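Structural overview for review
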Amino acid sequence: MELIALFLLVLSIAFTLYSLSYVSKTKPTKQKPELPPGSTGWPIIGETLEYIRLAKKNCIEKFIFDRQKKYSAKLFKTSYAGEKMVFFCSPEANRFMFANENKLIKAWWPRNISKIFKGSGKLSESKQKELASMRKNVSALFNQLNAMEKNVVIIDSLARNHLETHWIDCEEVAAHSLAKKYTLSISFRLMLNNVDSETVGELEKLFNCIMSGMFALPINIPGTKFNRAIKASKGIREKIEGIVRRRKIEILENNINESLDESKDLLSLLIMEKIKDNEEVIESEIADMILVYIVAAYDSTSTTITSIIKYLAELPQVYEEVHREQMEIANSRGHEEPLNLDDIKKMIYSWNVVSEVLRLQPTIAGPFREAITDFSFDGFLIPKGWKLHRAVHGTHKNAKYFPEPDKFDPSRFHGNKIVPYSYVPFGGGAHICPGREYARLQILVFIHYLVKTFRWEKVIPDEELIRDPILMPAKRLPIHLYPHQT
Ligand code: HEM
């Protein structure tokens, strides 16, 4: 018996020693993280068609939620627009992207867009420096308090003029077309000091061609949307170059400071900065940059205004509340007195309505980036060269962050209840939208005069918003106008 016990003891010691030596021999070396879960779909087309099909119906969230459920709530891989891509779709992922701009990731656009803006500062890599310097100027023009005080007066006058010309005395209008006209005329005034409605009208058609070609099939033969967009972009740049040339001469011939003070627009700021830095003023370069800014401002703002008009028609109680707030502001001022920044600050409920529109109907489904180097996020490897997409719907429409996410409820934005990084309509980090304050002024001033003057009804009650490829009402949102009795 003792012998057996001794034998078992020796055996167990031997086994333990063997196990220990085995573990130490096979101790795992640090493993490379895995790629994110997901499917890259069919060769070449990947999951692009599925995405486009749902985007057209304005149901991008379905594409995202299906995959979040199947793979991971924070990120998944797919293949889109011919690229291996990782969709980032949680507050943590948003925060990570904002913090790592130009460190782990850099701006990237699908090839279509790059081709349309070929040579443009926003999209050509060599011109990132100019873009950064332009951001500084744009911030000075749009976000600083004293500049905003001046801008609100300019926007006020343009908004009144626009309503007078295109809305008053009309029974029915196409709200989307007019919102575009309004935003384009403001961009031309604030960026180029151009108020010539003929030039704006002429260029409006070209801007619309650019927009519809941005996500079209990249077939560059006469007659295609893509080809028209490339030609339109060239046409606009040439027109803007002419304006740059004339302004440069004006500034050089006159006292520099006087010219700047007179026009107060983006173009003068850009030219002045080059002159002050003893740099050559290259007209085509400045025209490229201004084109990018006008495009960035155009659809984002006009579509937001259009969506607001749609919701105010559908939700009378929300309209009533906005109307009450705006009339209180209107009644506190003289009839012809323009709005000022204090009035804008009082538009708290109206801004909550705008925020809810931006949550539910973001014009841009999210920007793209490229991994500059291999890195890992949430334990998964993102290889260098892979593309990333910050999928806005992943948080904006998620019940975890916004209970009853499909319900239009401006009160969500009352107080400080929003989970950080779950609501990001203007992006964040190094590429945060430099036009956000400018957009806020344009939208709120317009809403003020619109609700002060009219109530309205949708002509097509069940007209929906679609993405073709950018967000828009299916039939340009015709509305019937009912002026208030004064
Ligand atoms: C409701 C209106 C607007 C919305 C929702 C919006 C949204 C955004 C978002 C999400 C980004 C970040 C893109 C990224 O991360 O790559 C962005 C960038 C940008 N926005 Fe806006 N925007 C609006 C209005 C404007 C206006 C009025 C301007 C005109 C000055 C403007 C100019 C730009 C530019 C130039 C960029 C690129 C910045 C960069 O890449 O550094 N946006 N916008």
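Residues numbered from 1 in each chain as written. Predicted model: local features only at pLDDT ≥ 70, side-chain atom pairs only at ≥ 80, totals over all residues. Heavy atoms only, no water.

Next up on the list: a nonpolar patch on the surface. On the surface, Trp42, Ile45 and Leu49 cluster together into a nonpolar patch covering about 370 Å² of accessible area. One can find Ile45 in the loop between helix H1 (2-26) and helix H2 (48-56). (Patch = residues over 30% accessible without salt bridge, like charges linked within 9 Å, V, L, I, M, F, W, Y side chains within 5 Å. Areas by Shrake-Rupley, 256 points an atom, 1.4 Å probe, with all protein chains shown as cover. Salt bridge = Lys/Arg side-chain N within 4 Å of Asp/Glu carboxyl O. Helix = DSSP H or I, 4+ residues; strand = E, 2+ residues; numbered from the N terminus.)

Before going further, it helps to examine the sheet that holds strand E3 (residues 105-107). Ordered by their spatial adjacency, five strands build an open sheet running E1-E2-E8-E5-E3, and the pairing between neighbours is mixed. Of all strands in the sheet, those bounded by a partner on one side alone are strand E1 (75-80) and E3. Each adjacent strand pair in this sheet contributes to an overall mean axis angle of 35°, direction not counted. With six bridges joining them, E1 and strand E2 (residues 83-88) adopt antiparallel strand pairing. Each residue of the ladder has a partner; that of Ser79, found in E2, is Lys84. Contacts from helix H3 (residues 60-70) reach E1 and E2 within the one sheet, and its direction differs from that of E1 by about 130°. (Pairing = 2+ DSSP bridges. Axes fitted to C-alpha atoms, helices over the stretch in contact; angles between N-to-C directions. Contact = heavy atoms within 4.5 Å.)

This part is about the pattern of salt bridges. All chains considered together, the criterion is met by 33 salt bridges. For Lys74, the salt bridge identified is with Asp378, shortest N-O distance 3.2 Å. With Lys74 in the loop between H3 and E1 and Asp378 in the loop between strand E6 (375-377) and strand E7 (380-382), this residue pair connects regions lying 304 residues apart in the sequence. Residue classification places Lys74 among the partly exposed residues on the basis of a relative accessible area of 26%. Across the pair Lys387 and Glu83 runs a salt bridge whose closest N-O atoms are separated by 3.3 Å. (Buried < 20%, exposed > 50% of the residue type's maximum accessible area, 1.4 Å probe, protein only.)

Another point: the nonpolar core. Of all hydrophobic cores here, the largest spans 98 residues; its most connected members are Trp167, Phe207, Ile290, Ile309 and Trp456. If you tally residues by element for this core, the top one is helix H13 (residues 283-314), at 16 residues. Judged by nonpolar contacts, the second largest core, of 15 residues, contains Leu54, Phe76, Cys89 and Ala391. (Core = buried A, V, L, I, M, F, W, Y, C linked by side-chain atoms within 4.5 Å.)

Here we take up the pairing of E2. For E2, the buried fraction is high: five of the six residues fall into the buried class. As consecutive antiparallel partners, E1 and E2 are separated by two residues, and within that stretch Ala81 has a phi angle of approximately 55°, a positive value. Relative to strand E8 (residues 387-390), E2 runs parallel, the two being bridged by four bridges. Bridge assignment links Phe88 to a residue of E8, and that residue is Arg390.

Here we come to the environment of Ser114. Tracing the backbone shows Ser114 in helix H5 (residues 111-116). A residue is classified by how much of its surface remains accessible, and Ser114, at 27% relative accessible area, is partly exposed. For the pair Ser114 and Met214, spaced 100 residues apart in the sequence, the C-alpha separation amounts to 9.0 Å.

In E8, alternate side chains face the same way, and those of Lys387 and His389 on one face and Leu388 and Arg390 on the other are all buried. Where strand E5 (residues 368-371) lies against E8, three bridges are found, and the strand directions are antiparallel. Looking at the pairing, Arg369 lines up with Leu388 of E8.

Once that is clear, we can look at the packing of aromatic side chains. A complete count under the given rule lists 22 aromatic pairs for this structure. With 6.4 Å between their ring centres and 35° between their planes, Phe88 and Phe96 make a pair best called tilted. With respect to class, Phe88 is no different from Phe96; both count as buried. Note on Trp167 and Phe446: the rings are 5.8 Å apart at their centroids and 65° apart in plane angle, and the pair reads as edge-to-face. In this pair, Trp167 sits in the loop between helix H7 (145-166) and strand E4 (172-174) while Phe446 sits in helix H18 (residues 436-453), placing the two residues 279 residues apart along the sequence. Each member of the pair Trp167 and Phe446 is classed as buried. (Phe/Tyr/Trp six-rings, centres within 6.5 Å; stacked < 30°, edge-to-face > 60°.)

Right, let's get into the site of the ligand. For the ligand, the set of nearby residues contains 23 residues, the closest of which are Arg135, Arg369, Pro425, His431 and Cys433. The side chain of Arg369 places a nitrogen or oxygen atom 2.7 Å from an oxygen atom of the ligand. One of the side-chain nitrogen or oxygen atoms of His431 is found 2.8 Å away from an oxygen atom of the ligand. Elements with a contribution of two residues or more to the shell around the ligand: helix H6 (128-142), H13 and H18. Here the element with the most residues in the shell around the ligand is H13; it accounts for six residues. Class assignment for the residues of the shell around the ligand results in 13 nonpolar, seven polar and three charged. (Near = heavy atom within 4 Å. Polar contact = N/O pair within 3.5 Å; in protein donor to acceptor, adjacent residues only side chain to side chain. Nonpolar A, V, L, I, M, F, W, Y, C, P; charged D, E, K, R; others polar.)

A few words now on the sheet that holds strand E12 (residues 478-483). Where strands meet in a sheet, backbone hydrogen bonds hold them as pairs that are either parallel or antiparallel. With antiparallel pairing, the three strands of this open sheet are ordered in space as E4-E12-E9. The outermost strands of the open sheet, each flanked by one partner alone, are E4 and strand E9 (454-458). When strand polarity is set aside, the average angle formed by the axes of neighbouring strands in this sheet is 35°. Of the strand pairs in this sheet, E9 and E12 are connected by five bridges, and their pairing is antiparallel.

Read these as geometric descriptors, not functional statements.
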